[in-house]
2 protein chains.
Amino acid sequence: MGDEMADENISDLIERYLKEILADNEQIKIRRSEIAGLFDVVPSQINYVINTRFTIQNGYIVESKRGGGGYIRIEKVHLLDDIDVLDSLIAAIGNKLSKRDSETIVQTLYNNDLIDRREVSIILAAIDKDAIDLNNNDLTDILRANIMISILNRLRYER
Amino acid sequence: MGDEMADENISDLIERYLKEILADNEQIKIRRSEIAGLFDVVPSQINYVINTRFTIQNGYIVESKRGGGGYIRIEKVHLLDDIDVLDSLIAAIGNKLSKRDSETIVQTLYNNDLIDRREVSIILAAIDKDAIDLNNNDLTDILRANIMISILNRLRYER
DNA sequence: CATTCTTTGACTAATATTGACTATTATTAT
DNA sequence: ATAATAATAGTCAATATTAGTCAAAGAATG
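Model, not experiment: these values are computed from the prediction.

1. Here we look at the layout of surface pockets
Residues and elements named next belong to chain B.
Right, so step 1: Reported here for the second largest pocket is a volume of approximately 310 Å³.
Right, so step 2: If you go around the second largest pocket, you meet 16 residues; those closest to its centre are Asn58, Gly59, Val77, Thr108 and Asn112.
Right, so step 3: At the level of elements, helix H4 (82-92) and helix H5 (99-111) are the ones that each hand at least two residues to the lining of the second largest pocket.
Right, so step 4: Sort the elements by how many residues they give to the lining of the second largest pocket and H4 lands first, with four residues.
Right, so step 5: Class assignment for the residues of the lining of the second largest pocket results in seven nonpolar, eight polar and one charged.
Right, so step 6: Each of domain 1 (10-76) and domain 2 (82-157) accounts for three or more of the residues forming the lining of the second largest pocket.

2. Concerning the pattern of salt bridges
Right, so step 1: Under the definition given, this model contains 21 salt bridges over all chains.
Right, so step 2: Through salt bridges with shared partners, one network takes in A:Lys65, B:Asp12, B:Glu15, B:Lys19 and B:Arg53.

3. Details of the protein's contact with DNA strand D
Right, so step 1: Contacts to DNA strand D come from 29 residues, most closely from A:Arg32, A:Asn47, B:Arg32, B:Asn47 and B:Ser64.
Right, so step 2: For DNA strand D, a base oxygen lies 3.0 Å from a polar atom in the backbone of A:Gly67.
Right, so step 3: B:Arg31 has a polar side-chain atom sitting 3.4 Å from a phosphate oxygen of DNA strand D.
Right, so step 4: Mapped by element, the contributors of at least two residues to the surface near DNA strand D are helix H2 (32-39), helix H3 (44-53), strand S2 (60-65) and strand S3 (71-76) of chain A together with helix H2 (32-39), helix H3 (44-53), strand S2 (60-65) and strand S3 (71-76) of chain B.

4. Remarks on the interface of chain A and chain B
Right, so step 1: Across the boundary between the two partners, chain A contributes 30 residues, which contact 31 residues of chain B.
Right, so step 2: Carbon and sulfur atoms supply 56% of the area buried between chain A and chain B, which totals about 2,600 Å² over both sides.
Right, so step 3: For the chain A face of the interface with chain B, the top three residues by lost area are A:Arg118, A:Ile122 and A:Arg154, together amounting to 24%.
Right, so step 4: The interface formed by chain A and chain B holds three salt bridges in total.
Right, so step 5: For A:Arg118, the salt bridge goes to B:Glu119, with nearest N and O atoms at 2.9 Å.
Right, so step 6: Applying the counting criterion to the chain A and chain B interface returns 10 residue pairs in polar contact (both at pLDDT 80 or more).
Right, so step 7: Counting only elements with at least two residues in the side of chain A that touches chain B, the list comes to strand S1 (27-30), helix H6 (117-126), helix H7 (129-132) and helix H8 (137-155) of chain A.
Right, so step 8: Per-element accounting of the side of chain A that touches chain B gives the leading share, nine residues, to H6(A).

5. Here's the deal with the UniProt feature "domain: CtsR N-terminal HTH" (unreviewed entry) in chain A
Right, so step 1: Per the UniProt entry, the sites bearing "domain: CtsR N-terminal HTH" (unreviewed entry) are residues 9-77 of chain A in this numbering.
Right, so step 2: This span, residues 9-77 of chain A, is 48% helix and 23% strand, and a straight line between its end C-alpha atoms measures 26 Å.

6. Section: the protein's contact with DNA strand C
Right, so step 1: What surrounds DNA strand C is a group of 27 residues, the closest being A:Ser11, A:Gln45, A:Tyr48, B:Gln45 and B:Tyr48.
Right, so step 2: When the atoms of DNA strand C within 4 Å of the protein are grouped by moiety, sugar and phosphate amount to 66% of the total.
Right, so step 3: In the model, a phosphate oxygen of DNA strand C is placed 2.5 Å from a nitrogen or oxygen of the B:Ser11 side chain.
Right, so step 4: The side chain of B:Lys65 places a nitrogen or oxygen atom 2.9 Å from a phosphate oxygen of DNA strand C.
Right, so step 5: The set of elements that each furnish at least two residues to the surface near DNA strand C consists of helix H1 (10-24) and H3 of chain A together with helix H1 (10-24) and H3 of chain B.
Right, so step 6: Classifying every residue of the surface near DNA strand C gives eight nonpolar, 12 polar and seven charged.

7. As for the packing of H1(A) against H3(A)
Residue and element names in this part refer to chain A.
Right, so step 1: Between H1 and H3, the shortest axis-to-axis distance is 10 Å and the interhelical angle comes to 70 degrees. Of the possible angle classes, the one that applies to H1 and H3 is roughly perpendicular. In this structure, H1 uses Ile10, Ser11, Asp12, Ile14, Glu15 and Lys19 to contact H3, whose residues at the interface are Gln45, Ile46, Tyr48, Val49 and Arg53.

8. A word on the environment of A:Gln107
Residues and elements named next belong to chain A.
Right, so step 1: By the secondary structure assignment, Gln107 is in helix H5 (residues 99-111).
Right, so step 2: With relative accessibility at 44%, the residue Gln107 sits in the partly exposed group.
Right, so step 3: A C-alpha to C-alpha distance of 37 Å links Gln107 and Ile28, two positions 79 residues apart in sequence.

9. Notes on the domain arrangement of chain A
Where the parts come together, the accessible area they lose is often given as the size of the interface.
All names here are of chain A.
Right, so step 1: As far as domains go, chain A holds domain 1 (10-76) and domain 2 (79-158).
Right, so step 2: For domain 1 versus domain 2, the distance between C-alpha centres works out to 29 Å.
Right, so step 3: Contact residues are listed per partner, giving four residues for domain 1 and four residues for domain 2.
Right, so step 4: Between domain 1 and domain 2, roughly 370 Å² of surface is buried when both sides are summed, and carbon and sulfur atoms account for 60% of that area.
Right, so step 5: There are zero salt bridges connecting domain 1 and domain 2.
Right, so step 6: On the surface where domain 1 and domain 2 come into contact, there are two residue pairs in polar contact (both at pLDDT 80 or more).
Right, so step 7: Here the residues of the side of domain 1 that touches domain 2 sort into two nonpolar, two polar and no charged.

10. Details of the UniProt feature "domain: CtsR C-terminal dimerization" (unreviewed entry) in chain A
Right, so step 1: Look at the UniProt record and you will see "domain: CtsR C-terminal dimerization" (unreviewed entry) annotated at residues 82-153 of chain A.
Right, so step 2: Taken end to end, residues 82-153 of chain A is 74% helix and 0% strand, and its first and last C-alpha atoms sit 13 Å apart.

So, how was this worked out
- Residues numbered from 1 in each chain as written.
- Chains lettered and ligands numbered in written order.
- Predicted model: local features only at pLDDT ≥ 70, side-chain atom pairs only at ≥ 80, totals over all residues.
- Heavy atoms only, no water.
- 1 Å grid on protein atoms, 1.4 Å probe; cavity = no way out; pocket = protein on both sides within 12 Å on 5 of 7 lines; lining within 4 Å.
- Points joined across faces, edges and corners; volume = space filled by probe spheres on them.
- Helix = DSSP H or I, 4+ residues; strand = E, 2+ residues; numbered from the N terminus.
- Nonpolar A, V, L, I, M, F, W, Y, C, P; charged D, E, K, R; others polar.
- Domains from an automatic or database assignment.
- Salt bridge = Lys/Arg side-chain N within 4 Å of Asp/Glu carboxyl O.
- Near = heavy atom within 4 Å.
- Polar contact = N/O pair within 3.5 Å; in protein donor to acceptor, adjacent residues only side chain to side chain.
- Contact = heavy atoms within 4.5 Å.
- Buried area = accessible area lost by both parts, 1.4 Å probe.
- UniProt positions renumbered as here; feature names shortened; annotations may be inferred.
- Axes fitted to C-alpha atoms, helices over the stretch in contact; angles between N-to-C directions.
- Parallel < 35°, antiparallel > 145°, perpendicular 65-115°, else oblique.
- Buried < 20%, exposed > 50% of the residue type's maximum accessible area, 1.4 Å probe, protein only.

Right, dumping it as structure tokens:
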């Protein structure tokens, strides 16, 4: 890679365009079709750009609304400094997560002062066996993994 | 949550208009056609706004009267204590819970000082669409209901 | 070549807007 | 009083306006 090379593809251009705006603003609210029109691509390409380049790992959260006056909002979030614990926990969780392992994770979070007592309680309630039980143990473990990862990702930043 | 900027659609504007009045008053009594005229929409759109944004889950009670001198009255609801808030929210959740309704509930919890910002964030992460998506929308709504109820029940003890 | 990334578009989903028709209540005429 | 009319609000389904998903085709990369 050299210096200052022209980004070749349109997705990169769109990414750069949005990030330039985000350099001066905490968030942007766009109309999907407008941006698509600006770069002369199909609207769904905007979703592609967002899904590949504005993830939470990159420090962005995205929300949207359909219907009249619909929009996509991209928000820059401030990633916390002591994220290592969270990252390694996320990395360690695979496809599935047992009840036992999930409790260990919650305990670790608490021990590291990443969550308080009430938050422990809320998280345990969210992954409670009865809440996510669908008569299929594999499915329950998958759900537990998904929910836990989602929560850990939330803990990575503050608004 | 909160800081609203440039709502694009008219329903949002009407919602904000009414809520601004309600910020200073316990209730408002409106004439449907008047509000409709103010925003230049058909009268039934006022019903749409009320049905989607002034539900009991949102913390409002609405009553109305037809005929000459008819009106719609929107009243802020006062729940007696925290347990009542939780109980009525739990009662309002049936078998399934949409994303939209779940967000309303979380907002209500926050407005009633039952949870703080971080807890809002954690709960929303737990019921995030991607976390509980199993390629079946009904199932997702069922899971969301289960998880939300589980959390609400936990909050009853965790004061 | 094989693999991964990008581009495209047909189909789906969510939300908002509109208006025709209905229901209820108040007022006026008989 | 009763009936007719006017003045409201409610319901519901059609249409409009967005954004999302997914898989296939094409391009780039190694």
